[in-house]
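So the chains spell out like this:
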Amino acid sequence: MKLSVITVNLNHRAGLEETLASVRAQTFRDVEQIVVDGGSSDGSLDVIRASAPTIARWVSEPDSGIYNAMNKGIRMASGDYLLFLNSGDCLAAPDVLDGVFREDDPDCGMIYGDTLRKTSGGEELRTTPGRLTPFAFYKFRVCHQSVVYRRSLFETHGGYDESFKISADAEFNVRCLRAGVKARRVDFPIARYEGGGVSATATAAATAENNRIWQRHLGPGILEDYDRLAALDAECRRLKRAEDWIEEAKRKPLWYNVALVCKWRWDRLTGRMPTRR
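Keep in mind it's a predicted model, so treat the numbers as computed, not measured.

A. Fine view of the overall build of the chain. When its secondary structure is counted, the chain shows 10 helices and 9 strands. Taken along its principal axes, the extent of the C-alpha atoms in the chain is 60 × 45 × 40 Å. For the chain, restricting intrachain contacts to residue pairs at least 6 apart in sequence, the fraction spanning at least 24 positions comes to 76%. Charged side chains in the chain number 40 positive and 38 negative. The centres of these two groups are separated by 4 Å.

See below:
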């Protein structure tokens with residue numbers, strides 16, 4: 001089976017180099033690299049040309065947004081599966097794709113896994129649910145970079161809806177899952193991403209698009225139930241973290257726990273408390 005890795009880039013030369021290098025480092029060899037550049041002027045084209053022997057197809061021209069570029073990449077790709085790994089995003093380890101394609105299930109349309117998010121202090125693991133349902137995308141708990149799609153999904157269900165500028169990938173995932181597409185989870189991180197993208201920085205716009213997705217696919221009545229379910233889900237995860245912390249504290253000496261509580265208080269006071277999802 002062949003995988004097409006589609007990389008969208010705009011004036012992010014260093015990130016593009018990192019992304020291309022992570023794909024080249026894969027032990028899984030049946031990969032084609034597609035690069036869709038939005039007309040960069042920062043030297044990204046030099047990186048693309050220098051990497052030309054390992055890039056199957058590329059284009060550099062203006063586009064109307066990230067999902068317009070991704071749809072363009074879909075049309076350029078020839079793989080059985082597609083992975084969207086934008087400049088600055090990387091595969092989590094050199095053997096990730098071997099693990100992803102270790103099983104061949106012809107009925108499976110989506111393969112997904114956990115994600116590592118780069119932070120100032122290192123990395124943060126974003127886990128995914130064991131069963132993929134539309135609710136998993138209600139609060140953006142599954143990262144686009146860690147979902148591998150069978151290419152035929154885009155032929156059957158259409159491409160990304162470009163009226164969504166931030167959340168078209170979530171809308172596509174919900175569209176597929178509501179149509180009964182089967183998804184399989186792998187028990188390891190697939191991708192490592194930078195964070196700070198438009199969905200993280202334009203939070204008001206992202207929330208508005210998210211609401212539009214659910215109005216389209218669920219309607220107002222079910223949407224209210226989803227809000228309640230999301231609140232319960234968040235509280236359950238908070239309690240599980242507290243339970244894990246207590247169990248860990250029981251195994252530590254008293255001085256260690258006192259120091260840990262002091263650090264926790266300090267991080268909260270200084271605003272350095274890590275965000276957990």
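B. Molecular detail of the packing of aromatic side chains. Under the counting rule described, the total for this entry stands at 12 aromatic pairs. Note on Phe-84 and Tyr-149: the rings are 6.2 Å apart at their centroids and 65° apart in plane angle, and the pair reads as edge-to-face. Of the two residues, Phe-84 sits in strand β4 (residues 81-84) while Tyr-149 sits in strand β8 (residues 147-150), which places them 65 residues apart along the sequence. Judged by its relative accessible area of 1%, Phe-84 falls in the buried class. For Tyr-149, a relative accessible area of 0% translates into the label buried. Between the aromatic rings of Phe-154 and Phe-172, the centroid separation amounts to 4.4 Å while the plane-to-plane angle is 0°, which identifies the pairing as stacked. A residue pair is termed long-range when its members are at least 10 positions apart, and Phe-154 in helix α5 (residues 152-157) and Phe-172 in helix α6 (residues 168-178) qualify at 18 residues. The same class applies to Phe-154 as to Phe-172, namely buried. Members of the aromatic cluster, connected to one another through ring pairs, are Tyr-67, Phe-84, Tyr-149, Phe-154, Tyr-160 and Phe-172.

C. Quick peek at the side chain of Asp-105. Inspection of the secondary structure puts Asp-105 in the loop between α4 (96-100) and β6 (108-119). Looking at Asp-105, its side chain comes within polar contact range of the main-chain nitrogen of Asp-107, at 3.0 Å.

D. Main features of the pairing of strand β1 (residues 3-9). In terms of burial, β1 is a largely internal element, 7 of the 7 residues being buried. Between β1 and its parallel partner strand β2 (residues 31-37), the chain crosses via helix α1 (residues 13-24), and the hand of that crossover is right-handed. Where β1 lies against β4, 4 bridges are found, and the strand directions are parallel. Note that in β4 the partner of Val-5 across the bridge is Leu-83.

E. Representation of the side chain of Asn-86 in the model. Assignment of secondary structure puts Asn-86 in the loop between β4 and β5 (90-91). A relative accessible area of 15% means that Asn-86 is categorised as buried. A distance of 3.2 Å separates a polar atom in the side chain of Asn-86 from the backbone nitrogen of Val-8. Other than its neighbours up to four places away in sequence, Asn-86 contacts Ile-6, Thr-7, Val-8, Thr-19, Ile-66 and Met-70.

F. Representation of the packing of α6 against helix α8 (residues 203-217) in the model. Relative orientation of the contacting elements α6 and α8 amounts to 20°, with a least axis distance of 10 Å. By the angle between their axes, α6 is roughly parallel relative to α8. Along this stretch, α6 crosses α8, giving a crossing that reads as right-handed. Between α6, through Ala-170, Glu-171, Val-174, Arg-175 and Arg-178, and α8, the contact on the second element is made entirely by Ile-213, Trp-214, Arg-216 and His-217. Its residues placed into classes, the contact of α6 with α8 shows 4 nonpolar, 1 polar and 4 charged.

G. Broad picture of a nonpolar patch on the surface. Together, Trp-245, Ile-246 and Val-261 line one region of the surface with nonpolar side chains, adding up to about 270 Å² of accessible area. Mapped onto the fold, Ile-246 is located in helix α9 (residues 220-250).

H. Inspection of the environment of Pro-106 at higher detail. Within the secondary structure, Pro-106 sits in the loop between α4 and β6. Exposure remark for Pro-106: the relative accessible area of 61% places this residue in the exposed category. Remark: the alpha-carbon pair of Pro-106 and Glu-17, spanning 89 residues in sequence, is separated by 33 Å.

I. Quick peek at the state of the cysteines. Applying the stated criterion to the full structure yields 0 disulfides. The structure places no disulfide on Cys-108, whose sulfur is separated from the nearest cysteine sulfur, that of Cys-176, by 12 Å. Its relative accessible area of 3% is what places Cys-108 among the buried residues.

Parameters and conventions
- Residues numbered from 1 in each chain as written.
- Predicted model: local features only at pLDDT ≥ 70, side-chain atom pairs only at ≥ 80, totals over all residues.
- Heavy atoms only, no water.
- Helix = DSSP H or I, 4+ residues; strand = E, 2+ residues; numbered from the N terminus.
- Contact = heavy atoms within 4.5 Å.
- Lys, Arg positive; Asp, Glu negative; His and termini not counted.
- Charge placed at Lys NZ, Arg CZ, Asp CG, Glu CD.
- Phe/Tyr/Trp six-rings, centres within 6.5 Å; stacked < 30°, edge-to-face > 60°.
- Buried < 20%, exposed > 50% of the residue type's maximum accessible area, 1.4 Å probe, protein only.
- Polar contact = N/O pair within 3.5 Å; in protein donor to acceptor, adjacent residues only side chain to side chain.
- Right-handed = clockwise from strand over helix to strand, strands pointing away.
- Pairing = 2+ DSSP bridges.
- Axes fitted to C-alpha atoms, helices over the stretch in contact; angles between N-to-C directions.
- Parallel < 35°, antiparallel > 145°, perpendicular 65-115°, else oblique.
- Left-handed = near helix turned anticlockwise from the far one by under 90°.
- Nonpolar A, V, L, I, M, F, W, Y, C, P; charged D, E, K, R; others polar.
- Patch = residues over 30% accessible without salt bridge, like charges linked within 9 Å, V, L, I, M, F, W, Y side chains within 5 Å.
- Areas by Shrake-Rupley, 256 points an atom, 1.4 Å probe, with all protein chains shown as cover.
- Salt bridge = Lys/Arg side-chain N within 4 Å of Asp/Glu carboxyl O.
- Disulfide = S-S within 2.5 Å.

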